Amino acid sequence: MSEVKRIIFVDDDEEVLDGLRRLLHKMNGEWEMDFHQNGSSALSAMDKKTFDIIVSDLRMADMGGVELLEIVRTRHPDATRLMLSGCSEQPMYGKAVSCAHQFIAKPCDSEQLMTQLSRSFAIRDRIRSQKVAKVLPSLRSLPAMPAAYKKVLDMIEDPRCTSRDVGQVISRDIGMSAKILQIVNSAFYGPSTKISDPVRASVYLGIKAIKALALTDGVFSTLPEEKVEEFCVSGLQEHCVRVGALARSICKTQKMTDQQQETAMMAGILHDTGKMILISEFDYELAEIIRLSRVEKRPCHEIERETIDLTHAELGGCLLNLWGLGNDIIEAATFHHEPAECIKDGFSIATAVYLANAIDHQFCSYLSTGWSEEIDMSILETLELTEQLPEWQRVLIPTEAEEHEYA
Amino acid sequence: METETLTDQSTEARRELERTQMLQNLGKLTAGIAHEINTPIQFIGDNLQFLSNGFEDILSLLCEYEKFRTEATEAAVSNDQHERVLAAKVKTDVDFIAKEIPKAIAQSIDGIKRVSSMISAMRDFSHIDERRFAPANLNKAIESTIVILRNEIKYVADVETNLDDNLPAVMCCIDEIQQVFLNLVINAAHSIGDCHEEGGDRGLIKISSRIEGDDAVFTISDSGKGISPEIREKIFEQFFTTKGPGKGTGQGLSIVQKAVTERHNGRLELESAEGVGTTFTVYIPIEGKTKNE
Ligand SMILES: Nc1ncnc2c1ncn2[C@@H]1O[C@H](COP(=O)(O)OP(=O)(O)OP(=O)(O)O)[C@@H](O)[C@H]1O
Ligand SMILES: [Fe+2]
Ligand SMILES: [Fe+2]
Ligand SMILES: [Mg+2]
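No experiment lies behind these values; they were computed from the predicted model shown.

Calculation criteria
- Residues numbered from 1 in each chain as written.
- Chains lettered and ligands numbered in written order.
- Predicted model: local features only at pLDDT ≥ 70, side-chain atom pairs only at ≥ 80, totals over all residues.
- Heavy atoms only, no water.
- Helix = DSSP H or I, 4+ residues; strand = E, 2+ residues; numbered from the N terminus.
- Rg over C-alpha atoms; globule rule 2.2 N^0.38 Å.
- Buried < 20%, exposed > 50% of the residue type's maximum accessible area, 1.4 Å probe, protein only.
- Contact = heavy atoms within 4.5 Å.
- Areas by Shrake-Rupley, 256 points an atom, 1.4 Å probe, with all protein chains shown as cover.
- Salt bridge = Lys/Arg side-chain N within 4 Å of Asp/Glu carboxyl O.
- Pairing = 2+ DSSP bridges.
- Axes fitted to C-alpha atoms, helices over the stretch in contact; angles between N-to-C directions.
- Near = heavy atom within 4 Å.
- Nonpolar A, V, L, I, M, F, W, Y, C, P; charged D, E, K, R; others polar.
- Donors = N, O, S within 2.8 Å, 3.2 Å for Na, K, Ca; no water.
- Tetrahedral: all angles 85-135°; square planar, octahedral: opposite > 155°, others 65-115°.

A. Main features of the overall build of chain A. Assigned secondary structure in chain A consists of 24 helices and seven strands. On C-alpha atoms alone, chain A measures out to a radius of gyration of 21 Å, which is about the 22 Å that the 2.2 N^0.38 rule sets for 407 residues. Taking all 407 residues of chain A together, 60% fall into the buried category. Within chain A, contacts between residues at least 6 apart in sequence are counted, and of these 72% link residues at least 24 apart. Of the roughly 16800 Å² that chain A leaves accessible, carbon and sulfur atoms contribute 50%.

B. Quick peek at the pattern of salt bridges. Under the defined criterion, the tally for this structure stands at 39 salt bridges over all chains. A network of salt bridges, in which partner residues are shared, links Asp18, Arg21 and Arg22 of chain A together with Lys99 and Glu100 of chain B.

C. Highlighting the sheet that holds strand S1 (residues 5-10) of chain A. Residues and elements named next belong to chain A. The five strands lie next to each other as S2-S1-S3-S4-S5, forming an open sheet whose pairing is parallel. Every other strand in the sheet has two partners, leaving strand S2 (31-36) and strand S5 (102-105) as the edge strands with one partner each. The sheet shows a mean angle of 20° between the axes of neighbouring strands, taken without regard to direction. Alignment of strand S3 (residues 53-56) against strand S4 (residues 80-85), held across four bridges, turns out to be parallel. Its bridge partner being in S4, Ile54 is matched across the sheet by Arg81. This element, helix H1 (residues 14-23), spans S1, S2 and S4 of the sheet and lies at about 170° to S2. Contacts from helix H5 (residues 110-126) reach S1, S2, S3, S4 and S5, with the element oriented near 135° to S1.

D. Expanded view of the site of ligand 1. Residue and element names in this part refer to chain B. The immediate surroundings of ligand 1 are formed by 20 residues, with Thr241, Thr242, Lys243, Thr249 and Leu253 found nearest. When ligand 1 sits alone it has 600 Å² of accessible area, and the protein chains cover 97% of it. Of all the secondary-structure elements, those providing two or more residues to the shell around ligand 1 are helix H6 (174-197) and helix H8 (252-263). Classifying every residue of the shell around ligand 1 by side-chain character gives four nonpolar, 13 polar and three charged.

E. Molecular detail of the coordination of the iron ion (ligand 2). Residue and element names in this part refer to chain A. At this site the iron ion (ligand 2) is bound by Asp272 (OD), His312 (NE2), His336 (NE2) and His337 (NE2), with donor distances of 2.1 to 2.4 Å. For the iron ion (ligand 2), the four donor atoms are set out with angles of 80 to 161° between them, so the coordination reads as irregular. The sequence motif formed by the donor residues of the iron ion (ligand 2) is D-x39-H-x23-H-H. Distance-wise, the iron ion (ligand 3) is placed 3.4 Å from the iron ion (ligand 2), both being coordinated by Asp272. Separated by 64 residues along the polypeptide, Asp272 in the loop between helix H14 (258-270) and helix H15 (273-281) and His336 in the loop between helix H19 (327-334) and helix H20 (339-342) bring together distant segments of the chain. For the residue pair Asp272 and His336, the accessibility class agrees, reading buried in each case.

Structure follows, in structure tokens:
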């Protein structure tokens, strides 16, 4: 990654560019900024210099924002792509969603813009690994389970199915959940508070929008069946759903609000997002990581750090961050193997997810996990929650059917 | 008596349909209108923030200078004091602020004008369905139409207007005439848009007004794909369209024709060559020789 932080702005309206240039002039010492009035001139600038972030308008004469960002995605996969648009036209959403990491709606106030840009730089700093930096930003979607995706496609054609029904299916799939939350929380659809429940997200978007999105190339994708089998992805998905449910129960016993419980549930479902990325993009490395973990009796995340410089936890956190999901979810994913980080500010959603994950690994293990660590009892002592543990563990005692499957 | 109710009913039904088409048209335009308002608001906001920061910086520099001045009157100033005030000046980036402030103000004022013209054009379109004959300024109606359609047009074509300032107020039903202009200009933009999609150059829409005898005459001319002789007769039929679903319903020209010829006792002329473009000419009697009213 380059030393200087570079941003390139593209907008066909000269006055908009002038406004941004003036507004951001005070950042000159820290950021180097380029301003371009059309896509082709931006592209040739990007061929000459490396830019960290591109901020593009959507509707432009000649080359539109979607086309531009798609080209950038292939030519400069490691650049962060933001869209700053005053457009509110439905049909453009789908395509825009698959090429930009995040959307900022025009008009946006300067603070919002500055926060967004600083946040994007912070994420980039965290992706230390060269290898990952080349792959992560170019990901358009997290692959879904083929069966779940097919079910969604069938449901949107079925007039009896409601957006709630579709949401329920989506909420049991890591890839589709993450994507729908990215979309619903983006400025184009823009609810005023972040939504962290895929069911609510689906209801909010409505069946027509979901249909349009599901049929847009690149919004959802699926894993090839061989990988599903090799890495026992259905086991992973079920692990995540259980961790979500347990994290919610834990938050409930800690008297957190309904909203927080909902977020904890989602944070649990998405905690192993990084594993999905490894399965889809680094399957070769992952197989080796799992093998070593079993042989050396060391947790996967330690070996991940040695081989790809980032753990699956950090990797997942980075992607969710890049996609603009809520902070609680990002934190829970990033630190779910670092108990000390999870209790820094006392009991939090991240704590609940850490515990839920550790408890689940104790009781149920799916085929392709590596070696798992024990629960860190010291953090329970710190939070004076040791007595609660058996109660939480009971939530997870598998039913007979499940036992059969995961024994 | 019987027949009269019948025509009444069908007129009612026809008007209802026309109204629906108008509303559909406007509905399709709202996204573009929002875009045209959001853009200037964005840069006006950025400029104001810049002006506010810049003002603070300049004010604190002024304080530095003031301190320096009092110090200077009390005793000879030291090198340190000199350095300090110089550093403050460098930090403020006076040159940049001085250069940009006038432009930031000018562009913001211009932006506010852009928003206001859009709002006032929207107001012109908000009195649909009054259906009253009254003297109206049709040059203004055309200008409002162009403003409303700016976002629809600007990515594919330039607009050239040549409006006759001497055009008197025309006795007409303004909401209907506005529909006429709206439909003709949208059609022109679509036609150019189609060429543009197929890789053609940016197009041109020429709009003019003039007086000819007892008529006010308006021409809307586009450099689009033209109308082939095979469909020339059909285009005025209700529901005839060559556009895909969601883009056209085929009601535009039938409404235009009825409004011009039947309602206003005017005339509609069409000239078109494939690959060159199309010109529609609308004649409206200035005194409003209406048949029915
Ligand atoms: N300026 C033009 N250039 C080329 N073709 C045109 C032009 N104006 C109209 N047409 C043709 O005439 C057809 C009928 O036009 P009309 O305005 O009645 O309906 P529409 O534009 O298709 O739909 P609507 O106006 O109801 O949205 C169009 O589909 C198009 O093929
Ligand atoms: Fe994990
Ligand atoms: Fe896990
Ligand atoms: Mg039309």
